[in-house]
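# Coordinate inspection notes
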Amino acid sequence: MYDLRWESWRRKRTMQDALCSTLAGYGYEFLETPLLEGTELFLRQSGGDLASRMYSFVDAGSNQVSLRPEFTSPIMRHFLEDGSCALPARFQYAGPVFRYDVAHPEGSGQFTQVGAELIGASGLVADAELLTLAADLAARAGLADYRIELADLDVFHSILDVARISDRARGFILASIPQLRLGPQALPEVRERAGQLHLDDRNSEYQELSAAITGLDDDQARQVIQGFLQWNSTDIRHFGQRDPQQVVDRFLRKLRGSDEMGRLEQGLELAARMAGIRGEPHEALAATRAVVSTSGAYSPALDRLEELMEILESCAETRGKVTVDFGLARGLAYYNGIVFEVRHPDWPAPLGGGGRYDGLARALGSQVDVPASGFAYTLETLLALAEREEVSERPKPICETVLVVAGSSSVAGLALDEARKLRGQGLVVELEVGGRDLEQSRSYASQQGIGRMVYIDSAGELTACNVE
């Protein structure tokens, strides 16, 4: 953690203000969350992946607390507690986060994140807005050679569904993507780790028992296991001096949690083929479709990803800037759907990244899933890479808010371009991402105090009007 003298602080604050102004132009409202939160908030979904890097301690009230390591969980917590946010809810943030990296302690400590969260929207237009906004921020920071590397975990899951592996094995395979992307030569090492974790049942006697309880409910399976253990006293000794019912329950969990080697091997091979796909969208998506097709998977998510790529190619911010990379593995466990990182050839690590995390709300106590997506940049990294020392033009004053509505997903690219042009005029522009039709959009605009609306019908015709 470092002191920041005047000139460095001025440069940092100038860029932060410029990025926050850009986020405001998309209709994202600033939210400040506490520096200190209960540790459980950050562990409910991300688990051990983040736990070892957090600054945590017990406060004077005997509460287990942590310095904020990221913004997404606190913002979702606020959304769930507030209960009054109109959907979609758009939040932006900028502030310090704290993480320790054992592998790179010189890069540890305190750094600044600037980002956005879009809560309550799950459609193609929502994903497209988030990605174009991420590109817009990189450009506003003065970067020209950035690339967006993108994957879709729903497509990945569709091929793993074919192998019919357990959730535990599925999580192991996804966590192994950085190794699997190296190709077939990485499979022996990954297989060995799977064996060490007992993901496959290598004992032929146990394989027969696992097959014997297939299709049985837990009570029936316990009766079978109890008979097996009484017959084979050696297995009983392996469990020590536990209560017999505890022995049976533990054995059942072991058998239910293991994967027959053939299924696990199929999942690993399919994942290795998918993780090796990387390139320009057209070629990479063709290779992805080949893997999906030969695996026998049903993947409407791939159709959706192809449509998203078409939208991104039609937008000025993202045209020619996107690489499809199924070897991408984001560090936080709560992602599903699209995930992405923004990279630059002159920097070894990602500048920022994010994705979709529809399950986070339930993990934080909600009774239902809430569609949500977001991303964050590390401000210090953007400053180090910026082609100019400060933004040459200060943000323009905000005059009014406009709602831009696409009549169908086929004109989403036109809607995104129109929104960009209006923001260039200094306007706050919201893009309709909630699936509302024209009249519902007009009602929403009226409720939110939005004075103007631009509607693009399915033929590409643009109509602008005031909201009554």
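Heads up: the structure comes first, above all this text.
Residues numbered from 1 in each chain as written. Predicted model: local features only at pLDDT ≥ 70, side-chain atom pairs only at ≥ 80, totals over all residues. Heavy atoms only, no water.

All told, the structure shown has six aromatic pairs when counted by the stated rule. Taking the centre distance of 6.3 Å and the plane angle of 55° together, the rings of Phe340 and Phe375 count as tilted. Here the residue Phe340 occupies a position in strand E10 (residues 336–343), and Phe375 occupies one in strand E12 (residues 372–378), the gap between them amounting to 35 residues. Of the residues examined, Phe340 reaches a relative accessible area of 0% and is grouped as buried. Residue classification places Phe375 among the buried residues on the basis of a relative accessible area of 3%. Three or more aromatic residues joined by ring pairs form one cluster here, namely Phe340, Phe375 and Tyr377. Sitting over the face of the ring of Tyr146, Lys321 holds its NZ or CZ atom 4.4 Å from the ring centroid. The ring of Tyr444 carries the charged tip of Arg436 above its face, separated from the ring centre by 4.1 Å. (Phe/Tyr/Trp six-rings, centres within 6.5 Å; stacked < 30°, edge-to-face > 60°. Helix = DSSP H or I, 4+ residues; strand = E, 2+ residues; numbered from the N terminus. Buried < 20%, exposed > 50% of the residue type's maximum accessible area, 1.4 Å probe, protein only. Lys NZ or Arg CZ within 6 Å of the ring centre and 35° of its normal.)

Moving on: the sheet that holds E12. Strand pairing in a sheet relies on backbone hydrogen bonds, with the paired strands running either antiparallel or parallel. Reading across the sheet, the nine strands line up as E1-E5-E6-E12-E11-E10-E7-E9-E8 and stay open at both edges, with mixed pairing between neighbours. Each of the sheet's edge strands pairs with one partner strand only, and the pair in question is strand E1 (29–30) and strand E8 (278–279). Here strand E5 (residues 89–99) pairs with strand E6 (residues 109–119) via 11 bridges, running antiparallel. Across the sheet, residue Ala89 finds its bridge partner in E6, namely Ile119. Where helix H6 (residues 153–163) meets the sheet, its contacts fall on strand E7 (147–152) and E10, and the angle it forms with E7 comes to roughly 35°. (Pairing = 2+ DSSP bridges. Contact = heavy atoms within 4.5 Å. Axes fitted to C-alpha atoms, helices over the stretch in contact; angles between N-to-C directions.)

So, on to the pairing of strand E16 (residues 462–466). For a regular strand, the rule is simple: side chains alternate between the two faces of the sheet. Pairing of strand E15 (residues 452–456) with E16, which is carried by five bridges, proceeds in the antiparallel orientation. Bridge assignment links Met453 to a residue of E16, and that residue is Cys465. Turn length for the E15-E16 hairpin, with the two strands adjacent in sequence and antiparallel, is five residues, and the turn residue Gly460 shows positive phi of about 90°.

What follows covers the packing of helix H5 (residues 124–140) against helix H16 (residues 300–313). Close contact between H5 and H16 brings their axes to 10 Å; oriented N to C, the two are set at 45°. Relative to H16, H5 is oriented oblique. The two elements H5 and H16 meet at a crossing, and its hand is right-handed. For the pair H5 and H16, contact is made by Leu124, Asp127, Ala128, Leu131 and Thr132 and by Arg304, Glu307, Leu308, Ile311 and Leu312, respectively. Along the lines of polarity and charge, the residues of the contact of H5 with H16 split into six nonpolar, one polar and three charged. (Parallel < 35°, antiparallel > 145°, perpendicular 65-115°, else oblique. Left-handed = near helix turned anticlockwise from the far one by under 90°. Nonpolar A, V, L, I, M, F, W, Y, C, P; charged D, E, K, R; others polar.)

Attention now goes to the packing of helix H15 (residues 281–295) against H16. Close contact between H15 and H16 brings their axes to 11 Å; oriented N to C, the two are set at 175°. In terms of orientation, H15 and H16 fall into the roughly antiparallel class. For the pair H15 and H16, contact is made by Pro281, Leu285, Thr288, Arg289 and Val292 and by Leu302, Asp303, Leu305, Glu306 and Met309, respectively.

A surface patch of nonpolar side chains, about 360 Å² in accessible area, is lined by Leu4, Trp6 and Trp9. Here Trp9 lies in helix H1 (residues 6–25). Judged by relative accessible area, Trp9 falls into the partly exposed class, the value being 38%. (Patch = residues over 30% accessible without salt bridge, like charges linked within 9 Å, V, L, I, M, F, W, Y side chains within 5 Å. Areas by Shrake-Rupley, 256 points an atom, 1.4 Å probe, with all protein chains shown as cover. Salt bridge = Lys/Arg side-chain N within 4 Å of Asp/Glu carboxyl O.)

Read from one edge of the open sheet, four strands run E14-E13-E15-E16, paired in mixed fashion. Whereas interior strands pair on both sides, the edge strands pair on one side only; in this sheet they are strand E14 (428–431) and E16. Strand after strand, the sheet turns through a mean of 20° between neighbouring axes, direction not considered. Strands in contact with helix H19 (residues 412–424) are strand E13 (401–406), E14, E15 and E16; relative to E13, the strand with the most contacts, it is inclined by about 165°.

Turning to the side chain of Glu129, a few remarks are in order. Tracing the backbone through its elements, the reader meets Glu129 in helix H5. For Glu129, the side chain forms a polar contact with the side chain of Tyr28, separated by 2.7 Å. Discounting residues that sit within four places of it in the chain, Glu129 has contacts with Tyr26, Tyr28, Arg90, Leu118, Leu416, Leu431 and Val433. (Polar contact = N/O pair within 3.5 Å; in protein donor to acceptor, adjacent residues only side chain to side chain.)

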